[in-house]
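# Results of the structural survey
One-letter residues, chain by chain:
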Amino acid sequence: MNENFESVEKLFKGLDQVDNTSDCDKNVASAKKAECDGNGKNISETYLKKTAVANNNTTTEAGFALDARQANPNVDGSLAKQISALNSGLKKYYTQTEVDNIIEKSKVKSIVIEFGGVTTNEGKAFFPKYTYWGYVGGKTTEIDNLIAQGHTILGGFICGGPHNDASMAGNGSDNIGVIVGSATYYNVPYSFYVFSQAYQTIRIKVCVLYI
């Protein structure tokens with residue numbers, strides 16, 4: 001038992017002789033002292049070096065701290081300003097009125113335009129039966145008005161005719177014309193060439209689609 005006590009006593013004496021003071025507290029070489037501050041602290045272990053501060057958002061190496069300017073949204077090119085710009089372009093929610101307006105604006109709408117013209121006898125028989133021909137169209141004011149109001153014209157198609165005055169009134173007629181050609185305005189047919197059996201007014205209805 002006495003031998004054990006002697007061993008423990010030697011151990012504690014050995015611990016007392018361990019030097020726990022840092023190099024900054026010792027009288028060490030000047031090169032070593034240069035790494036210490038005035039408070040006896042090791043600079044490299046206690047303070048962050050200026051070269052370890054990154055003022056960018058592209059650094060990929062470990063061990064760098066971010067410059068505080070990157071957190072300022074008023075600094076051009078900073079991470080905070082870029083995030084602010086992204087957030088300003090985001091809309092977190094839509095009101096019911098905004099939803100209704102979006103749906104309404106996206107709905108395809110239509111109007112009907114009636115074009116008219118008179119077939120005249122040119123004394124030519126382009127086809128055996130139809131000896132009269134005429135130009136129908138030229139009225140595009142309604143389309144121009146829609147564009148001026150901010151609408152987009154999707155196109156159009158013939159949705160009525162050709163009719164003469166009798167057929168427009170609901171009466172039967174054998175003298176209805178035949179369309180042999182047309183031109184378009186914003187993808188809407190508007191200018192027609194018509195042959196008919198008689199000298200008469202020909203009317204054509206066109207449906208215009210827009211949003």
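Described below are features of the structure shown in this document. None of the values given here were measured: they were computed from a predicted structure. Each chain has its residues counted from 1, following the order in which its sequence is written. In view of the model being predicted, local features appear only for residues whose pLDDT reaches at least 70, and side-chain atom pairs are presented and counted only at 80 or more, with totals across whole chains, interfaces and linings using the full set of residues. Side-chain numbers here rest on the full set of heavy atoms in the structure, without hydrogens or water.

We now examine the overall build of the protein. Where helices and strands are cited, they refer to DSSP runs of H or I of at least four residues and of E of at least two residues respectively, numbered from the N terminus. Counting its secondary structure elements, the protein contains 7 helices and 9 strands. Buried residues are those whose accessible area, probed at 1.4 Å on protein chains only, stays under 20% of the maximum for their type, while exposed residues exceed 50% and partly exposed ones sit between those limits. Of all 211 residues assigned to the protein, the portion counted as buried reaches 20%. A separation threshold of at least 6 residues defines the contact pool for the protein, and within that pool the share at least 24 residues apart is 56%. With residues, only the protein chains shown are counted as cover, and all accessible areas are computed by Shrake-Rupley using a 1.4 Å probe. Summed over its atoms, the accessible surface of the protein is roughly 15000 Å², and 52% of this surface lies on carbon and sulfur atoms. Residue contacts are defined here by distance: any two heavy atoms, one from each residue, within 4.5 Å place the two residues in contact.

In this section: the nonpolar core. Only buried residues count toward a nonpolar core. Its members are Ala, Val, Leu, Ile, Met, Phe, Trp, Tyr and Cys residues joined through side-chain atoms within 4.5 Å. Ranked by size, the top nonpolar core spans 15 residues in total, and within it Phe115, Val136, Ile153, Phe192, Ile204, Val206 and Val208 carry the most contacts. When contributions to this core are tallied by element, the ones reaching two or more residues are strand E3 (109-118), helix H6 (141-148), strand E8 (188-196) and strand E9 (201-210). Here the element with the most residues in this core is E9; it accounts for 5 residues. Ignoring sequence-local partners within four residues, the contact set of Val208 consists of Lys109, Ser110, Ile111, Ile113, Ile143, Ile153, Gly155, Gly156 and Val188.

Let us look at unusual backbone geometry. At the junction of Gly161 and Pro162, the peptide bond is cis and its omega measures out at 5° in the coordinates. Located in the positive-phi region is Tyr186, a residue other than glycine, with phi close to 55°. Tracing the backbone through its elements, the reader meets Tyr186 in the loop between strand E7 (178-185) and E8. Residue classification places Tyr186 among the partly exposed positions, given a relative accessible area of 46%.

Note on pairing: DSSP must find at least two bridges between two strands before they are called paired. Sheet architecture is open: 3 strands sit in the order E3-E9-E6, paired in antiparallel fashion. Both outer strands of the open sheet, E3 and strand E6 (153-163), are each paired with one neighbouring strand and no more. Between one strand axis and the next, the sheet turns through 25° on average, direction left out of account. Running over the sheet, H6 touches E3, E6 and E9 and is turned about 150° from E3. Angles shown run from 0 to 180 degrees and are taken between the N-to-C directions of axes, each axis being a line fitted to C-alpha atoms and, for helices, limited to the stretch in contact.

Here we come to the packing of aromatic side chains. Working definition: rings of Phe, Tyr and Trp (its six-membered ring) pair if their centres are within 6.5 Å, and the pair is stacked with planes under 30 degrees apart, edge-to-face with planes over 60 apart, and tilted otherwise. Tallied over the full model, the rule gives 4 aromatic pairs. Aromatic ring contacts, followed pair by pair, group Tyr185, Tyr186 and Tyr190 into a single cluster.

For the rest of this paragraph, the subject is the environment of Thr51. Inspection of the secondary structure assignment puts Thr51 in the loop between helix H3 (43-46) and strand E1 (53-54). With relative accessibility at 66%, the residue Thr51 sits in the exposed group. The spacing of Thr51 and Ala65 is 14 residues in sequence and 9.6 Å in space, taken between C-alpha atoms.

With respect to the helices and strands, the residue Ser196 is situated in strand E8. Only 3.1 Å separates the side chain of Ser196 from the side chain of Thr119, close enough to count as a polar contact. Under the rule applied, a polar contact is a pair of N or O atoms within 3.5 Å (in protein, one hydrogen donor and one hydrogen acceptor; residues adjacent in sequence only if both atoms are side-chain atoms).

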